[in-house]
Amino acid sequence: MKKLIHNFIHCGILGWCMEITFTALDSFRRRQFTLKGITSIWMFPIYGMASFLAPLCRLLKGKNILVRGFAYASCIFLGEYITGKLLKKKGICPWDYSKAKWNVDGIIRLDYAPNWFLAGLLFERLIHETDSQP
């Protein structure tokens with residue numbers, strides 16, 4: 001339980017940092033050179049849920065990077081969809097992808113698959129490092 005909480009906190013923080021960096025780089029693309037990155041408090045537990053990938057990480061250990069990345073991206077999409085649906089029902093979803101070309105119900109963007117592929121591999125590395133500690 002202690003490792004799960006530890007991983008949850010670390011995955012939440014890593015996710016927040018990735019989101020802030022990603023949104024800041026997007027502001028650069030829009031020529032807003034303040035490079036403001038944004039996130040929501042709701043995103044910490046959502047990213048923290050990546051800690052639940054630990055059993056999958058152990059199962060996929062030694063598998064091809066494409067297999068692992070695709071599996072993680074699929075799980076992240078599923079988690080994003082479920083949490084997005086729940087937050088939308090309450091009117092508190094911090095993202096809205098309904099104007100994006102490759103959106104599903106305005107909740108996920110299929111064109112973000114490469115981002116989630118890489119994020120999953122980062123979460124895997126973070127989880128692996130904490131799992132190998134005594």
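These remarks concern the structure in this document. In this text the structure is predicted, and so the values were computed from the model without any measurement. All residue numbers refer to positions counted from 1 along the written sequence of the respective chain. At least 70 in pLDDT is required for a residue's local features to be given in this predicted model, at least 80 for side-chain atom pairs to be given and counted, and no such filter applies to totals for whole chains, interfaces and linings, which use all residues. Side-chain measures were taken over the full set of non-hydrogen atoms in the model, leaving aside hydrogen atoms and water.

1. Observations concerning the overall build of the chain
Runs of E in the DSSP output that reach at least two residues are strands. Runs of H or I that reach at least four are helices, and both are numbered from the N terminus. When its secondary structure is counted, the chain shows 5 helices and 2 strands. For the chain, the α and β elements follow one another from N to C terminus as α-α-α-α-β-β-α. For a compact globule of 134 residues, the expected C-alpha radius of gyration is about 14 Å, and the chain comes in at 15 Å, within 12% of that figure. A principal-axis box enclosing the C-alpha atoms of the chain has dimensions of 45 × 30 × 30 Å. Contact between two residues is taken to exist if any of their heavy atoms lie within 4.5 Å; hydrogens are not considered. Expressed as a percentage of contacts within the chain between residues at least 6 apart in sequence, the contacts between residues at least 24 apart total 62%. The size measure is the radius of gyration over C-alpha atoms, and the globule rule it meets is 2.2 Å times the number of residues to the 0.38 power.

2. So, the layout of surface pockets
A cavity here means a set of points on a 1 Å grid, drawn over the protein atoms and nothing else, where a 1.4 Å probe fits but cannot get out; a pocket is an open set with protein on both sides within 12 Å along at least five of seven lines, and a residue lines either one if it has an atom within 4 Å of a point. Grid points are joined across faces, edges and corners, and a volume is the space filled by probe spheres set on the points. Estimates place the volume of the largest pocket at around 1000 Å³. For the lining of the largest pocket, the secondary-structure elements that each account for two or more residues are helix 1 (2-29), helix 2 (43-48), helix 4 (65-89) and helix 5 (113-131). A per-element tally of the lining of the largest pocket places helix 4 first, with 7 residues. Throughout this entry, Asp, Glu, Lys and Arg are counted as charged residues, while Ala, Val, Leu, Ile, Met, Phe, Trp, Tyr, Cys and Pro are counted as nonpolar. The remaining residues, Gly among them, count as polar. For the lining of the largest pocket, the residue count by class is 24 nonpolar, 6 polar and 7 charged.

3. Notes on the pattern of salt bridges
A pairing counts as a salt bridge when a side-chain nitrogen of Lys or Arg comes within 4 Å of a carboxyl oxygen of Asp or Glu. Scanning the model with the defined rule gives 5 salt bridges in all. When the shortest N-O distance is used, the salt bridge between D26 and R30 registers 3.2 Å. In this structure, the salt-bridge partner of R109 is D111, at a minimum N-O distance of 2.6 Å. Relative accessibility under 20% of the residue-type maximum defines a buried residue, over 50% an exposed one, and the middle range a partly exposed one, all with a 1.4 Å probe and only protein chains included. Judged by relative accessible area, D111 falls into the partly exposed class, the value being 34%. When salt bridges with common partners are traced through the structure, they connect D26, R29 and R30 into a single cluster.

4. Overview of the packing of aromatic side chains
Between the rings of Phe, Tyr and Trp (Trp by its six-membered ring), a pair exists once the centres lie within 6.5 Å; its type follows the angle of the planes, with under 30 degrees stacked, over 60 edge-to-face, and the other angles tilted. Within this structure, the stated rule accounts for 5 aromatic pairs. With 5.5 Å between their ring centres and 70° between their planes, F28 and F33 make a pair best called edge-to-face. Residue classification places F28 among the partly exposed positions, given a relative accessible area of 47%. F33 gets classed as exposed once you look at its relative accessible area, which sits at 53%. Linked through ring pairs, F8, W16 and F44 together constitute an aromatic cluster. Lysine and arginine charges are scored as sitting over a ring when NZ or CZ, respectively, is within 6 Å of the ring centre and within 35 degrees of the ring normal. Positioned above the aromatic ring of Y97, the side-chain terminus of R109 is 5.8 Å from the ring centre.

5. Some remarks on the side chain of E124
Within the secondary structure, E124 sits in helix 5. With residues up to four places along the chain from it excluded, the contact list for E124 reads C57, R68 and Y72.

6. Section: the environment of L87
Here L87 shows up in helix 4. Put simply, L87 and W42 are 45 residues apart on the chain and 9.0 Å apart in space, counted from C-alpha to C-alpha.

7. Focus: helix 4
With 25 residues, helix 4 ought to run about 36 Å at 1.5 Å a step, and its terminal C-alpha atoms sit 36 Å apart, in line with that. Taken residue by residue, helix 4 has R68, G69, A71, Y72, A73, I76, F77, G79, E80, T83, G84 and L87 as its buried positions. Among the residues trailing helix 4, G91 stands out with phi positive, at a value near 75°. Here a helix's expected span is defined as the number of its residues, less one, multiplied by 1.5 Å.

8. Things to note about the side chain of E19
Mapping E19 onto the fold places it in helix 1. The charge count treats Lys and Arg as positive and Asp and Glu as negative. His and the chain ends do not count. Although buried, E19 forms no salt bridge, and the nearest oppositely charged side chain, R30, lies 11 Å from it. E19 has contacts with I38, T39, S40, M43 and Y47, leaving out every residue within four places of it along the chain.

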